[in-house]
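Architecture at a glance
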Amino acid sequence: MNPVLEITDVVMTYPGSPPVTALAAITLQVHEAERAAVLGPSGSGKSTLLHVAGTLERPGRGSVRIGGREVAALSDAELSAVRARRLGFVFQQFHLLDHLDAVQNVALGLLYRGEPARARRAAAVAALDRVGLGHRLGHRPAQLSGGERQRVAIARAVAGHPELVLADEPTGNLDSAAGQQIIELLAGLAADGTAVVVVTHDPAVAAAMDRRVVMQDGRIIADEAVPR
Amino acid sequence: MSAGPPASQRGAAPAGLTSEERARREGGASKAPRRRAGSLSAELVLGGWRGLRARKLRTALSCLGVAIGIAAAVAVLGISASSRANLIAELGAEGNLLTVNAGQSFDGSPAPLPLTAEPMIARIPPVESVTATGYVAGATVRRTAAVPAVDSGGISVLAAQPGLLATLGGRVAAGTFLNAATARYPAVVLGAVAAQTLGIDQVAPATQVYLAGRYFTVIGILAPVPLAPEIDEAALVGFPAADSLLGLGGHPTEIYLRAVPDQMQPVASVLPFTANPAQPEAVQVSLPSSILAARAAARTAFTGLFLGLGAVAVLVGGVGIGNIMVISVLERRAEIGLRRALGGTRSQVGLQFLTESLLLSGLGGVAGAAIGAAATAGYAAAAGQPAVMPPADLAAGLGVALVTGVLAGVYPAVRAARLPPAEALRGW
């Protein structure tokens, strides 16, 4: 199995007095179709890890490889292309644009891949179908429930068939029933070969993954398979 | 609910991707593909437009300043262009009218020119048409003999030729002008002001005025002649009638002529010798259109002031747009972070905000140009002038608006572009 994400010896320090070390020499590999939950108390560095893995933040030291490619040397445009083609993001707050309907929101996820509008729309409709929202295509976020909004966000993340989906507390704003649907969707992505890394406090999310990575004070203190 | 991909995408397990998709993925990370450009610029405008439409009131208010400024500038330019067009219409396309007179005699009345003056001037080749008037000294015009002679109303009596109106570009408001027949009889045509002074506004067969001791029949009333206001205040009789009834002696006092426009200067230089070879220094030549043009220029002196006010309004509007865009960048941190996460580059995010700023100012510019053009049309209609809106002025108005949009949008765009994506997404 090829590693989709290789984080090696990454250190991330934020300036201040005293400086805050968010990541202290983290090493982590995630393989194709692997599902990993990242757990840990607030401030343990989970979100920073996700940002570094998503190339949204450059690490202070260490190496980040996505699909075998070192990202430290890439320009802004090249990094953006990596995000557009290889990565998908799911956020706790959904981050849907209020003035766009579901299809337009999902199609936005393909905008920066440079595909023509018609292809983007077709892929968006297919992705919404896949998350069970084929009947909500023209609805705006305000007309959707929280669970439906997060499903639109997942459709946006996976519409371009990324290699790696990074989710930050995807069930944090949802009740348990809606959360369960999201968990099933994320867990099901692996069938497609997509790797999933979920930062979460939710034990139900962690239980649905293959692997559990526990962080504390910027270090990985446990990395184990989830017992089935 | 099934979380798996649709059947068409499931095919090649375990990756579940077609070879084409895989190839696209592999190539993707190396470089941002170039073919994005066209689709993205359309998407930028469309996306910006959707965003502005979602915030209608804010959009309208942001556009307002630029719209007011552009409207003021366009209206001022349009109104002055309309006035200019009106003036040109008054001058008669080229403004090629010249007048010749011999100045004033000791008592202030116009001095006579030689009898040969008019036929000699007519022989100058570039002269297209020529006509003469002769001032009848001491003649007064009153409504009846019962009106005291001192109440002459300042109306002068001029002998005129039938060709006067053709040369001056004047027209008859009522009745007819003098012709070869009526020029011999006690018939009179009143200038616009003279008719008003006498209280005559229509021409009936029995309408008469008391002119220099006898009654003349009024056969016509003239419309105002902007190039020769002295005609407006005159009562015109024919030269033969002036000679026989008023003792003029045929001497003209004022000669009007039109020459080929590009020969005005040479014609003007030979006029004194032609009009009065014996005393060329006594002859005065003037170009009435230049006097009118100077008067019109004085009237448009306010143009600069209003253009300045318009510029200030556009400036304030531009600052308003910049302000709104800065607020927009702050409000939409999450959207900026999201777009960066979805693969938007710094320049694409910056361009998006620049495009929105341009759309705002462009909307303001279009609205302002439309309002300004409408104001011009309204003013011209009210003033009875032709409505003229030079396309160059409209284009300049829009151009100024767009430049304002770029200037106002650069700083917010740079801020949006520089926002680190992780920071933009954090805390949401």
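Everything below is about the structure shown above.
In short, a report on the structure. (Residues numbered from 1 in each chain as written. Chains lettered and ligands numbered in written order. Predicted model: local features only at pLDDT ≥ 70, side-chain atom pairs only at ≥ 80, totals over all residues.)

Here we come to the overall build of chain A. Along chain A, the regular secondary structure elements total seven helices and ten strands. Counting across all 228 residues of chain A, residues that qualify as buried make up 57%. Long-range contacts, defined as pairs at least 24 residues apart, comprise 69% of the intrachain contacts of chain A with a sequence gap of at least 6. (Helix = DSSP H or I, 4+ residues; strand = E, 2+ residues; numbered from the N terminus. Buried ≥ 20, exposed ≤ 12 C-beta atoms within 10 Å, placed from the backbone. Contact = placed C-beta atoms within 7 Å.)

A separate point is the nonpolar core. Val38, Val106, Leu128, Ala155, Val197 and Val198 of chain A together with Ile70 of chain B are the most contacted members of the largest nonpolar core, which has 125 residues in total. The leading source of residues in this core is helix α4 (residues 56-91) of chain B, at 14 residues. Among residues more than four places away in sequence, those in contact with Val106 of chain A are Ala124, Ala127, Leu128, Val152, Ala155, Arg156 and Ala159 of chain A. Grouped together as the second largest cluster of nonpolar side chains are 60 residues, Val141, Ala241, Ala275 and Val283 of chain B included. (Core = buried A, V, L, I, M, F, W, Y, C linked by C-beta atoms within 7 Å.)

The next subject is the sheet that holds strand β3 (residues 35-39) of chain A. Residue and element names in this part refer to chain A. Taken in spatial order, the six strands of this open sheet run β6-β7-β8-β3-β9-β10, and their pairing is mixed. On the outer flanks of this sheet lie β6 (87-90) and β10 (219-225), each paired with one strand and no other. Here the strands of the sheet are splayed against their neighbours by 15 degrees on average, with no regard to which way each runs. One ladder, built from six bridges, connects strand β9 (residues 211-216) with β10; its direction is antiparallel. Pairing of Arg212 across the sheet is with Glu224, part of β10. (Pairing = 2+ DSSP bridges. Axes fitted to C-alpha atoms, helices over the stretch in contact; angles between N-to-C directions.)

This paragraph deals with the environment of Gln161 of chain B. With respect to the helices and strands, the residue Gln161 of chain B is situated in the loop between β4 (156-160) and α6 (164-168). Discounting residues that sit within four places of it in the chain, Gln161 of chain B has contacts with Thr131, Ala132 and Phe239 of chain B.

Residues and elements named next belong to chain A. Remark: helix α3 (residues 102-111) packs on helix α5 (residues 146-158), axes separated minimally by 7 Å, with the N-to-C direction vectors making an angle of 35 degrees. The element α3 and its partner α5 pack so that their crossing is right-handed. Of the residues in α5, those in contact with Ala102, Asn105, Val106, Leu108 and Gly109 of α3 are Val152, Ala155, Arg156 and Ala157. Each residue belonging to the contact of α3 with α5 can be placed in one class, and the counts come to six nonpolar, two polar and one charged. (Left-handed = near helix turned anticlockwise from the far one by under 90°. Nonpolar A, V, L, I, M, F, W, Y, C, P; charged D, E, K, R; others polar.)

Each pair of packed helices can be described by the angle between their axes along with the distance between the axes. Residues and elements named next belong to chain A. Where helix α4 (residues 117-130) contacts α5, the two axes come as close as 9 Å, and the packing angle between them is 130 degrees. One way to sum up the angle between α4 and α5 is to call them oblique. Here the hand of the crossing between α4 and α5 comes out right-handed. Mapping the contact onto sequence places Ala127, Leu128 and Arg130 in α4 and Val152, Ala155 and Val158 in α5. Classifying every residue of the contact of α4 with α5 by side-chain character gives five nonpolar, no polar and one charged. (Parallel < 35°, antiparallel > 145°, perpendicular 65-115°, else oblique.)

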